[in-house]
Amino acid sequence: MNTSTLPEIQALQTAAVVPAELLLIPLSRLRPSSRNVGKSGGTSIPELAASIYRIGLLQNLVVILSDDGEYYEVVAGKRRLAALKLLAKRRKIGKDREVPCLPVADASARTVSLTENVQRVAMHPADQFEAFAALVAEGRPIEDIAADFSVSPLVVQRRLKLANVSPRLLADYRTDAVTLEQLMALAITDDHAAQEAAFYESPEWQRSPQALRDHLTHEEIEAGKDALARLVGVEVYEAAGGGLRRDLFSDEEQGLFLTDAALLDRLARDKLAGVADQVRAEGC
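Residues numbered from 1 in each chain as written. Predicted model: local features only at pLDDT ≥ 70, side-chain atom pairs only at ≥ 80, totals over all residues. Heavy atoms only, no water.

Colleague: So what's going on with the pairing of strand E3 (residues 61–65)? Which residues, and what values?
Modeller: Within a regular strand, side chains alternate between the sheet's two faces. Judged by how many residues are buried, E3 sits mostly within the fold: four of five residues are covered. In the sheet, E3 pairs with strand E5 (residues 98–103) via three bridges, with the strands oriented parallel. Across the sheet, residue Val62 finds its bridge partner in E5, namely Leu102. Pairing between E3 and strand E4 (residues 72–76): four bridges, direction antiparallel. Paired with Val62 across the bridge in E4 is Ala76. (Buried < 20%, exposed > 50% of the residue type's maximum accessible area, 1.4 Å probe, protein only. Helix = DSSP H or I, 4+ residues; strand = E, 2+ residues; numbered from the N terminus. Pairing = 2+ DSSP bridges.)

Colleague: Describe in detail the sheet that holds strand E8 (residues 256–258), supporting the description with residues and values.
Modeller: Read from one edge of the open sheet, three strands run E6-E8-E7, paired in antiparallel fashion. The outermost strands of the open sheet, each flanked by one partner alone, are strand E6 (221–222) and strand E7 (244–246). As defined by bridge partners, E6 adjoins E8 across two bridges and the pair is classed as antiparallel. What sits directly across from Ile221, in E8, is Leu258.

Colleague: I'd love a proper account of the side chain of Arg213, names of residues and values included.
Modeller: Looking at the element boundaries, Arg213 is found in helix H11 (residues 209–216). Overall, Arg213 belongs to the buried group, its relative accessible area being 15%. Once residues lying within four places of it in the same chain are set aside, the contact partners of Arg213 are Ala185, Ile188 and Asp247. (Contact = heavy atoms within 4.5 Å.)

Colleague: Please set out helix H2 (residues 45–55) residue by residue, giving values where relevant.
Modeller: Among the residues of H2, those classed as buried are Leu48, Ala49, Ser51, Ile52 and Ile55. The arc enclosing the buried residues of H2, seen along the axis, measures out at 160°, which places them on a common side. Once H2 finishes, Gly56 follows within two positions and takes phi at roughly 85°, a positive value. (Arc of directions from axis to C-beta.)

Colleague: Quick rundown of the pattern of salt bridges? Include the residues and the values.
Modeller: Overall, the coordinates contain 10 salt bridges when judged by the stated rule. Among the salt bridges present, the one from Arg174 reaches Asp127, with a minimum N-O distance of 2.6 Å. Placement of the pair is Arg174 in helix H8 (residues 167–174) and Asp127 in helix H5 (residues 125–137), with a sequence separation of 47 residues. For Glu222, the salt bridge goes to Lys225, with nearest N and O atoms at 3.8 Å. Three or more residues joined by partner-sharing salt bridges are found here, namely Asp127, Glu130 and Arg174. (Salt bridge = Lys/Arg side-chain N within 4 Å of Asp/Glu carboxyl O.)

Colleague: Residues and numbers for the sheet that holds E5, please.
Modeller: Pairing within the open sheet is mixed, and its five strands lie in the order E1-E5-E3-E4-E2. Each edge of the sheet is formed by a strand with only one pairing partner; in this case those strands are strand E1 (23–26) and strand E2 (30–32). Looking at each pair of strands side by side, their axes are set apart by 55° on average, direction ignored. Of the pairings in the sheet, the one linking E2 to E4 comprises three bridges and is parallel in character. Residue pairing for E4: Leu30 is matched across the bridge by Tyr72. Running at roughly 125° to E2, helix H3 (residues 78–89) makes contact with E2, E3, E4 and E5 of the sheet. (Axes fitted to C-alpha atoms, helices over the stretch in contact; angles between N-to-C directions.)

Colleague: An account of the nonpolar core is needed here, citing residue identities and associated values.
Modeller: Counting 23 residues, the largest nonpolar core has Phe129, Leu162, Leu169, Tyr173, Leu180, Leu183 and Leu186 as its most contacted members. Counting residues per element, the ones that place at least two in this core are H5, helix H7 (153–163), H8, helix H9 (180–186), helix H10 (192–200) and H11. Ranked by residues supplied to this core, first place goes to H9 with five residues. Once residues within four sequence positions are removed from consideration, Leu180 is found in contact with Ser51, Ile55, Phe129, Leu162 and Tyr173. Among the nonpolar cores identified, the runner-up in size contains 20 residues, and Leu27, Leu61, Leu86 and Leu87 belong to it. (Core = buried A, V, L, I, M, F, W, Y, C linked by side-chain atoms within 4.5 Å.)

As structure tokens, this is what we get:
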């Protein structure tokens, strides 16, 4: 049974107003603490891992130094730690990837964990997306923002993309009527009307992330899956003035869409005609 008193919790909340210094600790030196009061609930670890991989860690961990001084034990953020460990196991990130952590006194560990799980209202991810957009609007380079928050420039670009989703959809995301995965799928276009139509005009069973993405790209050609696109080549298509749409949330080898089917068809015909001419010449 937790024996933390109300004055203790109030003291911690008062102390939280004073800025504390975060440490960047290698993932290999982090392990769960038995004093973390959170036991279950929330998004599954694989889903959380996928989210962290795409848009970065949105909230730091809280740690205490282990008795042997070799490790830091996570007293708040056990699921985030498990997701990071899963990413390392799958070789998506390095085992020594630096993780932002807030160190607290050993005596306060269980109270801190209780405060995070019961009382503290965390900053909503949508607020963070909009804060990143505000920094860019102030003239901050993406590379500088990435360095300040220990993330890659791609992570910053992904958060900016999410900040640019329709305000109506972002409002519903804040109330859990839209999931983060759905938001990422809708972000493939910057057209707010198209985003809203794809989501609100589709029945619930057609609102999976893949179905939403397919809806918004149904007139386009996915470069990695189309035979003509492979025949022509993306570089040739782009050099000829062809439009491209990139899905920032897909892997590098996926998520590239060609928007001009007529141009692709013409380039393919031209290439095939050239090959045919060459074959006829060689036959002669």
